Structures are given as C-alpha cells and as structure tokens.
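# Breakdown of the fold
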Amino acid sequence: MKLSKKISISKILIYTFLILLAVVYIAPLLWMFSVSVKTNAEVFSSPFAIPEAIQWENFQIAWGIGKLNIAIVNSIIVCVATLVCSMLFGTMAAFAIGRMRWKLSGTVMTYFLLGMMVPVHCILIPLFVTFAKVQLNNSLLGIILPYITFSLPMTIFIMVGFFRNMPGELFESACMDGCSIYGCFFRIGLPLAKTGLFVTGLMTFVNNWNELLLAMVFISDVDKKTLPVTLTYFVGPYSTNYVQMFAAIVIAVIPTIIVYSIFSNQIVEGLTAGAVKG
Amino acid sequence: MEKLFRDKKAICLFIAPGGILFTIILLVPIAYAVYISLCEWNALTPPQFVGFANYIKLFTNDDIMKTAIKNSLFFTTFSLVTQQVIGLFLAVILSNLVKGKNLFKNIYYLPCVLSSAALGLLFSFLLNPKMGLNQILAIFGIQGPLWLMDAKGFIPLPMWVIGTVATWQYVGTTMMLYMAAIAGIPSSLYEASYIDGANKWQAFKNITMPLIKPMAKTTISLTCIGSLKFFDLIYNMTQGGPNHKTDVLATHLYNEGFQYFKYGYASAISVVLLAMCLFVTFIINRSIKVEDYEM
C-alpha cells in the first residue's frame, strides 16, 4: 500500500515535469503561428493575445513579395537531388565497407568519417574560388555537390552498422540462387535496411533544407536562393513588418514539420538497429 | 559466396562515387585552404605568398579573434555540459516511461528539425528589449534585461542567452541518440540485476552507464564539433553584435571572408577552426576508453 502510493507520487512528479518542458518547447512555436496571422498593429499592442481576426494575406504577401515561392522551389530541387545522390552513394559505400571483404575497408571508413569532423567553413573560400572558375558558382549544382559530400559521412556511419548486422545466411542463399553482388545490394541489402534509410533520409533532408552558410555565400542571384537565405532578408528591409517575417518563418518550417511527423517514430528504432551494435 | 564478396571491381564501383566526391569537394579544398591561409589575398589582386603573417596577425593583433575564441570555447563548454546532463536525464526518464514516451520524445526533438535561421529570427523577436518576453515581465513590474544587447561582463549576457536557445534546440539530438543506445541494452540484464537486489540507481550506474559509453563518445564529439562551427543562430540573433561581443569563430570568418573579402586571412581562421575540431576529436577518442561487451 505504502509502496504503490510512493510510486504514484513520483509518477505525477515526472509527468508534471515532462508536460512543463513540453510547454517550453511548444509555446514559442504556437506563438509564432499566432503572430503570423495578426496585423502589425496587433503585434505591438498585444503580442501574446489570441489573434482577433486571421490575416491570411500575410502569407500571400510573404509568398509573393518575399519571393518565397521561388525559394521553396529551389530548396525542393536542391534537397531532393542531394537526398537521392547521397543516399545512393552513401549506401553503396556503406555496403562495400560493412559487408564486403577487403583489406582497406577500415581505412576507407575512417576517411569518410573524417568528414564529420571537418567544418563546412574550411572549404568555403577554396570551393568558392574554384567554382567561380568553372562557372559553378551561382548555380544550384554548386551547392548540391558540397551538400552531397557533407551528407555522406552520417549516411555511411549509420548504414555500415545496418549492413554489418544483417544475417549472412540471407546473402548466402541468394548467392546459391545465382544472385550477383549488385542484386545482393539492391534486392536484399537495401530493402532490409529500410529503417536505416528512413533515419538517414530524414537527417539528410532536414540538414540540407536548413543549411544557411554555404547557400548564402555561393548564391548571389535572387532567383536561385534557397529558403533559409531568403528568410534572412526579412531581417533587413522588411524588419518593421513583423507579421510577414513570421508568415515567412511558418512557410519555411512547415515542410520539415510534415516530413518529421511522418518519419518521427522511426528515428529511435533506426538509430538503435544501426549505430549501437555496429 | 566468398568470391562474390571479394569482387574487386564491385568494391571499386561501390566506393568510387562517394570517394571521388569526398576527395574533390573536401580533401583538395582543405589543402587549398591551408595554402591560401599562407597568402595575402583580397579577391581582386592575385594571391601573394606571405608565410605565417596571417597567423601571426591573428594571434597577436586581432581583438575580435580573441573574443571569438573565448566565445566559441564558452559556447562549446556550455553546450557540452547542458546537453549531456539534460539529454541523458531525459533519455533515461523517457526510456522508462510506459505511456506517452513517443509523444514527449517527438516534442523534444522537434526543434532539431526546424531551421536555425527561422528559430533565430523567432527568438530575436521574442527577446527584443521592448517587445516579447520583456512585455510579460513588465506586467509583473520587472524591468527585463537587454537580452541580446547587453555587452557587460567577461561572458556577456547574449552569449548565455544564445547558449540556452541552442540547448533548447539541440538537446533533442543527444536525447535521441542516448535513447537509441538504451533501447539496445537487453532487458534481461536489468531483470537479472533486480533479482540480485539492485535498486534503480545501481542498475543505472552499473548497467546503463557502461553500456552507453560508445554513444557518449559519439554525442560528445558531435556536440563539440557542432558548437565549434556554430553559425546560424548567432548570425540571425545578433550578427556578432553588439560591437563584436558575441562573435564566434564562424561569424568572424564570415565577416573577414565575405564582407571584407580578405580570403587569406579568413582561410587562416578556418584552418584554426579545423585544427580545433581535430584536436577536440583526438582528445575525446583518447580520453574515453570503450570496452566491448558481449550482449
């Protein structure tokens, strides 16, 4: 009797703490949504009140005048291209490292993982100068290439764990049936590593969708800017127009929230299966 | 079977795309950056080799660099401590939760997937001296501080504020990785320890802690490197101001390289940054010994 009471009190304490913390996380985001549908006058007089009338035109203005419509298309092109290439190249390399037998596999793995330690700032100037020479600056391809490169280490790190932990019998029986090494990769390896693909895919997408520094430096053409870069302009010339800035922020974060809510439950499973035992 | 998995041609084919990209986009530019850092180069005139002049200036005659290094080190220490403590604490609590585990986990991880640029704008507004948080404080008769503009003190208030916001945003990553590590521990180990009379704290200390050590190494490295190269939030919250008080290595590099176009000088900063990242990783790998356990 005494014990069960003690447990329930600690339970209440824990849940209270977790809910309070959840409020700290949700409140700023909810507030952001509420400001984005207010008028500027309302923001100054009562920023924390519930909006009197919903001003959808804030979104329309941010979308058109702020050039978010162009920015979002650019961001989608960049992210999808990066996602496809880095997933393909990354899983291929991870398969060779984790599953195949060769002497240098450890060295190659270390080589790729070094990429996790290199800050993107180090290659900013040399790459900018080189790309300017070969006409790759100011083009989306010029940021896609470094994005792929910087997404590879994480993909390889997680996927190697997956391929290593797969039961060898599956591949053996496939070989007996005359499956080639490429068949082993595409028909057995990849489908079995589905959770890992979700996690790495989500991380790659999110990181590149939000990347600011490289895109800011490499792209100067207004029609080729990505979303985070376009957002920073709302600080300058539009700075007094808070509602539009917030509408722009909302437009920028909604795609990631949608993608995240689809895949969020896979994250822990994916990381557990891959990284821990590997 | 054996032969198939030793196929040299297939291995080359699998490694080649990634390997080539890595070499061209990463390795060669790093070598180039080291060379540029030894030159005087302002983008218009051709580079001129000047030896270590940039580095000497960087460490003896640049007050902003001193602030930047101080702030970067503070920021790294702050993030490391808060993220390890809060992240591990949340991971342990959530892992033992029966109801609502996924809900809370998803809420705490949410800011990690949002754009730092967007969140930076959001918080710069919320921490505005006249609006936002200070308006709430004013209701209670409290004069709120200038959250992002106070320049006093060795570590000015804005750095603490930015550090807190960064912890708020990124602690979910640490939590998520630790949750994954804890989920990988077989529950039979805990059952056995409870039969032997261990309490929860003993089980945590003797089972959980040693088994999540490999993950601790990963999270510590990720946090340290992530904090050293931190840029987005600071750029969107203070732009290094007031008067360069909140400049970190990355913002200093950006200003020197792409506002004043001092390529050589900025490259020297980037080489220092790279050296710090490699050094930190080296120290972490040396100091945390990971034992292998059969599970």
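### With respect to the overall build of chain B
Broken down by element type, chain B carries 13 helices and two strands. Taken along its principal axes, the extent of the C-alpha atoms in chain B is 75 × 75 × 30 Å. Looking at the 295 residues of chain B, the share that counts as buried comes to 43%. Residue pairs at least 24 apart in sequence account for 70% of intrachain contacts in chain B once pairs closer than 6 positions are excluded.

### Quick look at the confidence of the model for chain A
In this model, chain A carries a mean pLDDT of 85, and residues with pLDDT of at least 70 account for 93%. The element-level mean pLDDT for chain A is lowest in helix α14 (residues 266–276) of chain A, coming to 68, with helix α4 (residues 68–98) of chain A highest at 93.

### Let's talk about helix α5 (residues 116–126) of chain B
For α5(B), the buried fraction is high: ten of the eleven residues fall into the buried class. Among the residues of α5(B), those classed as buried are Ser116(B), Ala117(B), Ala118(B), Leu119(B), Gly120(B), Leu121(B), Leu122(B), Phe123(B), Phe125(B) and Leu126(B).

### So, the domain arrangement of chain B
Residue and element names in this part refer to chain B. Its domain assignment divides chain B into domain 1 (30–61 + 248–288) and domain 2 (74–114 + 151–247). Its C-alpha centre places domain 1 at a distance of 30 Å from the equivalent point of domain 2. Listed by partner, the interface residues are 13 residues for domain 1 and 16 residues for domain 2. Those elements that provide at least two residues to the side of domain 1 that touches domain 2 are α12 (249–258) and α13 (263–287). With six residues, α13 is the largest single contributor of residues to the side of domain 1 that touches domain 2. For the side of domain 1 that touches domain 2, the per-class residue count stands at nine nonpolar, four polar and no charged.

Quick notes on the rules
- Residues numbered from 1 in each chain as written.
- Chains lettered and ligands numbered in written order.
- Predicted model: local features only at pLDDT ≥ 70, side-chain atom pairs only at ≥ 80, totals over all residues.
- Helix = DSSP H or I, 4+ residues; strand = E, 2+ residues; numbered from the N terminus.
- Buried ≥ 20, exposed ≤ 12 C-beta atoms within 10 Å, placed from the backbone.
- Contact = placed C-beta atoms within 7 Å.
- pLDDT = per-residue confidence, 0-100.
- Domains from an automatic or database assignment.
- Nonpolar A, V, L, I, M, F, W, Y, C, P; charged D, E, K, R; others polar.

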